[in-house]
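Summary of structural features
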Amino acid sequence: QITHGPISGEVSATAVTLWARGNVTGTLEFTLSSTAAFTDTLATGTVAITPAADFIGQARLTALTPGTRYHYNITLTDGENASETVAGAFQTAPDTEVAAPFSFTFGGDIGGQNFCRSV
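About the cut-offs
- Residues numbered from 1 in each chain as written.
- Predicted model: local features only at pLDDT ≥ 70, side-chain atom pairs only at ≥ 80, totals over all residues.
- Heavy atoms only, no water.
- Helix = DSSP H or I, 4+ residues; strand = E, 2+ residues; numbered from the N terminus.
- Buried < 20%, exposed > 50% of the residue type's maximum accessible area, 1.4 Å probe, protein only.
- Contact = heavy atoms within 4.5 Å.
- Areas by Shrake-Rupley, 256 points an atom, 1.4 Å probe, with all protein chains shown as cover.
- Core = buried A, V, L, I, M, F, W, Y, C linked by side-chain atoms within 4.5 Å.
- pLDDT = per-residue confidence, 0-100.
- Patch = residues over 30% accessible without salt bridge, like charges linked within 9 Å, V, L, I, M, F, W, Y side chains within 5 Å.
- Salt bridge = Lys/Arg side-chain N within 4 Å of Asp/Glu carboxyl O.
- Pairing = 2+ DSSP bridges.
- Axes fitted to C-alpha atoms, helices over the stretch in contact; angles between N-to-C directions.
- Phe/Tyr/Trp six-rings, centres within 6.5 Å; stacked < 30°, edge-to-face > 60°.

Bringing the overall build of the protein into the picture now. A tally of regular secondary structure across the protein gives 0 helices and 7 strands. A buried classification covers 31% of the 119 residues belonging to the protein. A fraction of 58% describes how many contacts in the protein between residues 6 or more apart in sequence connect residues 24 or more apart. Of the roughly 7,700 Å² of accessible surface on the protein, a fraction of 52% belongs to carbon and sulfur atoms.

Here's what the structure looks like:
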């Protein structure tokens, strides 16, 4: 099974890194689509995962369209067995030549373990 993820990160205007962790030696199969129903397949890929890499696999997808929402799913196979498919979505950053609004969230750990202040 996929134990951690999927996670999308390092998102730019034209690329993303997809990441997941499984629980056995096998192959992570990635599928990218422009729709949540996966009515089209824009890209596919496979990544072998092993104990040496802590069963973690990642795929860098490039040549994406700026400012576009994408959907992806990942399945872990180990020969004859397949995990449940897990899904995620991300949006690429806008084109670097186009002004666009953005928002972000920031969090911090104030007073963790009573080092910063007494609770």
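That was the structure; now back to the text.
This paragraph deals with the nonpolar core. Ranked by internal contacts, the top residues of the largest apolar core, which has 18 residues, are L18, L28, F30, L32, I74 and F90. It is strand β6 (residues 69-77) that contributes the most residues to this core, 4 residues altogether. For F90, the residues in contact, after removing those within four places along its chain, are S8, V11, V16, L18, L32, L64, T68, R69, Y70 and Y72.

Right, let's get into the confidence of the model for the protein. Should the pLDDT be low somewhere, the predicted coordinates at that spot are not to be read in detail. On average, the protein scores 91 in pLDDT, and the residues at 70 or more come to 90%. Element-level pLDDT for the protein is lowest in strand β1 (residues 2-9), with a mean of 94, against a maximum mean of 97 in β6.

This part covers a nonpolar patch on the surface. A cluster of nonpolar side chains, F102, F104 and F106, forms an exposed patch at the surface whose accessible area comes to about 500 Å². Within the secondary structure, F106 is located in the segment after β7 (86-91).

One open sheet accounts for 3 strands, arranged β1-β2-β5; its pairing is antiparallel. Two strands in the sheet have a free side with no partner beyond their single neighbour: β1 and β5 (56-61). Put simply, the sheet's adjacent strands are angled 10° from each other on average, direction ignored. For β1 and strand β2 (residues 16-22), the ladder comprises 5 bridges, and the chain directions are antiparallel. Following the sheet pairing, I7 is matched in β2 by W19.

Turning next to the sheet that holds strand β3 (residues 26-33). One open sheet holds the 4 strands; their spatial order is β4-β3-β6-β7, and the pairing between them is antiparallel. Each edge of the open sheet is held by one strand with a lone partner, namely β4 (43-49) and β7. Within this sheet the neighbouring strands show an average axis-to-axis angle of 25°, counted without direction. Bridge analysis of β6 against β7 gives 6 bridges, and the strand direction is antiparallel.

This part covers the packing of aromatic side chains. A complete count under the given rule lists 2 aromatic pairs for this structure. Each ring, one from Y70 and one from F90, has its centre 5.5 Å from the other, and the planes form 25°; the classification is stacked. Separated by 20 residues along the polypeptide, Y70 in strand β6 and F90 in strand β7 bring together distant segments of the chain. F90 matches Y70 in its accessibility class, with the two residues each being buried. The interplanar angle of 45° and the centroid separation of 6.1 Å between the aromatic rings of Y72 and F90 together place this pair among those described as tilted.

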